[in-house]
Amino acid sequence: MPEQTAPPAGAPPGSAAPRTLGALTAAVRPKVIAASVLAATAGLASLVPFVAVYLLAVALSAAEPDPARVWTIVAVTVAAVVAQFLCHGAAVSLSHAADMDLQLRLRRSMAERLAGAPLGWIAERGAGRLKNTLQDDVEDMHYLVAHAVPDFVVAVSTPLAAAVYLAFVDWRLTLVCLVGIPCYLVGYRAMMRVAGSRMGAIGAAMGRLNSAVVEFVQGIAVVKAFGQTQRAHSRFAAAADDYLETFSSANRPILRIQSVSTGILSPAATLLVVALAGTVFVGQGWTAAIDVVPFLTLGLGLTAPVLAVGLAGNSLRAARQAAGRVGELLAVDPLPEPAAPRSPSGNRVELREVTFGYDADAPVLHEVSAVLPEGTVTALVGPSGAGKSTLAGLLPRFADPQRGQVLLGGVDVRDIAPGELYRHIGFVLQDVRFLRASVADNLRLARPGATDADLAEAVAAVGLRERIDTLPRGLDSLIGEDALLSGGEAQRLSIARALLADTPVLVLDEATAYADPESEATVQRALTRLIAGRTVLVIAHRLGSIVGADNIIVLDQGRVVEQGRHDALVAAGGLYASMWRTYRRHTEDADGRAAGRLGGTYEQIGVTP
Ligand code: ADP
């Protein structure tokens, strides 16, 4: 990770890219306004042929038609049609240029924000929700900029201009033409009330579906390995059913109202009204027959655009909600960076009365204090939910504690520049992830300058050399394509990566499950190699592997309830002793290999007094 510098005091953290939604949309606003003006001009020009039909009818039905006037009308009409095409084309190009510009700015700013966001914040949201915002929400905003705003302007300005013109011809007949609009608006309001109340539910169901899809796809290998395909599939299917149900129940009433109100505004309904009213008006002598003509041309187009206003309104609403989510992502506070970074001296880690909660009012860790002397192995044990992962995550700053301090080499980790922190603290998580790239590229993530010899050494250290040699392209084989690794092999490759990163402090999340006893032994050997000489904090899921740890911290409900070496803790007869009894019973019952497992990985190393 490159060294990052602190922003000057008072300036927004990060680079020159705009960081708020307002600033991002403001940058493209001039283009959107120009596109809307051009679109409105095209809309007005589109009325000219309809007016021309009326004017020509008047001119040609005169006792002595004036050819000059007739040709003028034709020429103006042709000019208007050409202008309409030109303006429409220019409006579309401009709005799409604005749209591309906005998408690029949004995605760049969001990627930049994500890069600086605390890892804990990212993990909490999940890949599904983030993908939603980065992809779908930006698409929704594309509709807003490229279509909704110009469409909205046209949908309002064109019928308004037509209505003004018609009012000059006959204002009473104009009012009759417009009678469908208030009827529609009543229906529209009802529709929006229903839609507004259900939009949130649809969004939430979509979020659940996205998460289920991502989980399903990402976890497919694990799920298959454990023969749980049906269960995972049923979770995905349940999320899909839930979305369908939420969507249809939200849409049913909306569709009913929509079909009635849309019918009212249709040109056929307006034609009927104009024909009836025109007949009455002419019959009563209130208007000349020829003056009904513009109502039969322009009048028919008077009400239908209101539908476009409704549609544009819907997209505007969707875009506003998308903008809210994009804005939320853009507003995430980056992990604060030190204004005057300090360098740790040594690799001793200390937790000083650390209190932390994902929600500040509900601490998950309570005044946890512990010291990890340099070069020792400290194990974190405790029941599930005790706060082990949360505590371990504070070292690499997945999150910062609300109270207390995490110190590395005597310096608060918050005062260490992120680049330097990650050169000191590495982590190997249970959930092994690789990029879809070559084995070598994945290894070089840890040390970009590593030579082929370095890679070969790391691979050999975890006992993978022969396996890599059997791959079609050796280290250049693509993971997931011609390098298909077993669970144990993937774990060892991630350990090789950590070896290359060579950070003096390591946070390890020990695997809860190995594919088979053989891979367990090889992974344990690789781990032993990895942790030698480093300051290690290991989240231990099997007590058998930590009997030799220099210190064991027992966490319960976010508090340190005991700590010490294995023998002392067993003798103390507390929570650890009872966990140990359960563990022994379990492993002995399981396969009688308990004795073989006890005294495993972390026994031979560390500064044992
Ligand atoms: P352990 O690793 O010991 O099983 P964790 O550190 O994962 O425990 O969890 C401790 C507590 O914090 C649990 O109550 C868990 O529900 C909660 N927790 C863990 N991760 C999050 C998160 N991202 N957001 C909110 N609460 C969380």
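Reading the values: rules and limits
Residues numbered from 1 in each chain as written. Predicted model: local features only at pLDDT ≥ 70, side-chain atom pairs only at ≥ 80, totals over all residues. Heavy atoms only, no water. Helix = DSSP H or I, 4+ residues; strand = E, 2+ residues; numbered from the N terminus. Contact = heavy atoms within 4.5 Å. Areas by Shrake-Rupley, 256 points an atom, 1.4 Å probe, with all protein chains shown as cover. Patch = residues over 30% accessible without salt bridge, like charges linked within 9 Å, V, L, I, M, F, W, Y side chains within 5 Å. Salt bridge = Lys/Arg side-chain N within 4 Å of Asp/Glu carboxyl O. Buried < 20%, exposed > 50% of the residue type's maximum accessible area, 1.4 Å probe, protein only. Lys, Arg positive; Asp, Glu negative; His and termini not counted. Polar contact = N/O pair within 3.5 Å; in protein donor to acceptor, adjacent residues only side chain to side chain. Pairing = 2+ DSSP bridges. Near = heavy atom within 4 Å. Nonpolar A, V, L, I, M, F, W, Y, C, P; charged D, E, K, R; others polar.

Student: So what exactly am I meant to see when it comes to the overall build of the protein chain here?
Tutor: Per the secondary structure count, the protein chain includes 19 helices and ten strands. Residue pairs in contact within the protein chain that sit at least 24 positions apart in sequence constitute 77% of those at least 6 positions apart. With the model as given, the accessible surface of the protein chain reaches about 29800 Å², and the carbon-plus-sulfur share is 62%.

Student: Please clarify how a nonpolar patch on the surface should be interpreted in this entry.
Tutor: Residues Trp71, Val74, Val78, Val82 and Leu86 make up a contiguous nonpolar surface patch of about 500 Å² in total accessible area. Judged by relative accessible area, which is 43%, Val82 ranks as partly exposed.

Student: How should the side chain of Asp509 be read in this particular structure?
Tutor: Tracing the chain through its elements places Asp509 in strand β7 (residues 505-509). Comment: no salt bridge for buried Asp509; closest opposite-charge side chain is Lys388, at 8.3 Å. In terms of polar contacts, Asp509 uses its side chain to reach the side chain of His541, at 2.9 Å. Not counting the four nearest positions on each side in its chain, Asp509 is found in contact with Val428, Leu429, Gln430, Ile539 and His541.

Student: Hey, could you run me through the sheet that holds strand β2 (residues 365-372) in this one?
Tutor: What holds strands together in a sheet is hydrogen bonding between their backbones, with the strands either parallel or antiparallel. On the basis of which strands lie adjacent, the open sheet formed by four strands has the order β2-β1-β4-β5 and antiparallel pairing. A strand with exactly one partner marks an edge of an open sheet, and here the two such strands are β2 and β5 (411-412). Here strand β1 (residues 349-356) runs beside β2; their pairing, made up of five bridges, is antiparallel. For Leu351, the partnering residue across the bridge sits in β2 and is Ala370.

Student: Looking at this structure, how should I read the pairing of strand β9 (residues 551-556)?
Tutor: Regular strands have side chains that alternate between both faces of the sheet. By the criterion of burial, β9 is predominantly enclosed, with five of the six residues buried. Bridge count between strand β3 (residues 377-381) and β9: four bridges; the pairing is parallel. When the bridges of β9 are listed, Ala379 appears paired with Ile552. Here five bridges tie β9 to strand β10 (residues 559-564), and the two strands are oriented antiparallel to one another. Its bridge partner lying in β10, Ile553 is registered against Gln563. Once β9 ends, the chain turns through two residues before running back antiparallel as β10, passing Gln557 with a positive phi of about 45°.

Student: Help me out: how do you make sense of the pattern of salt bridges in this one?
Tutor: Between side chains of opposite charge, a pair can form as their charged atoms come close. One pass over the structure, following the stated rule, counts 15 salt bridges. With a shortest N-O distance of 2.8 Å, Arg325 and Asp137 are connected by a salt bridge. Placement of Arg325 in helix α9 (residues 300-330) and of Asp137 in helix α3 (residues 119-177) is noted, with a sequence separation of 188 residues between them. By relative accessible area, which is 36% here, Arg325 ends up partly exposed. For Asp137, a relative accessible area of 3% corresponds to the buried category.

Student: Any chance you could explain the site of the ligand here in plain terms?
Tutor: Around the ligand, the structure places eleven residues, and the nearest of them are Gly385, Gly387, Lys388, Ser389 and Thr390. Between the ligand and the protein, one listed contact pairs an oxygen atom with a side-chain N or O atom of Ser389 at 2.6 Å. Surface burial for the ligand is 59%, taken as the share of its 560 Å² of free accessible area covered by protein chains. Take the shell around the ligand: its biggest share by element is three residues, from helix α10 (residues 388-394). Grouping the constituent residues of the shell around the ligand by class yields four nonpolar, five polar and two charged.

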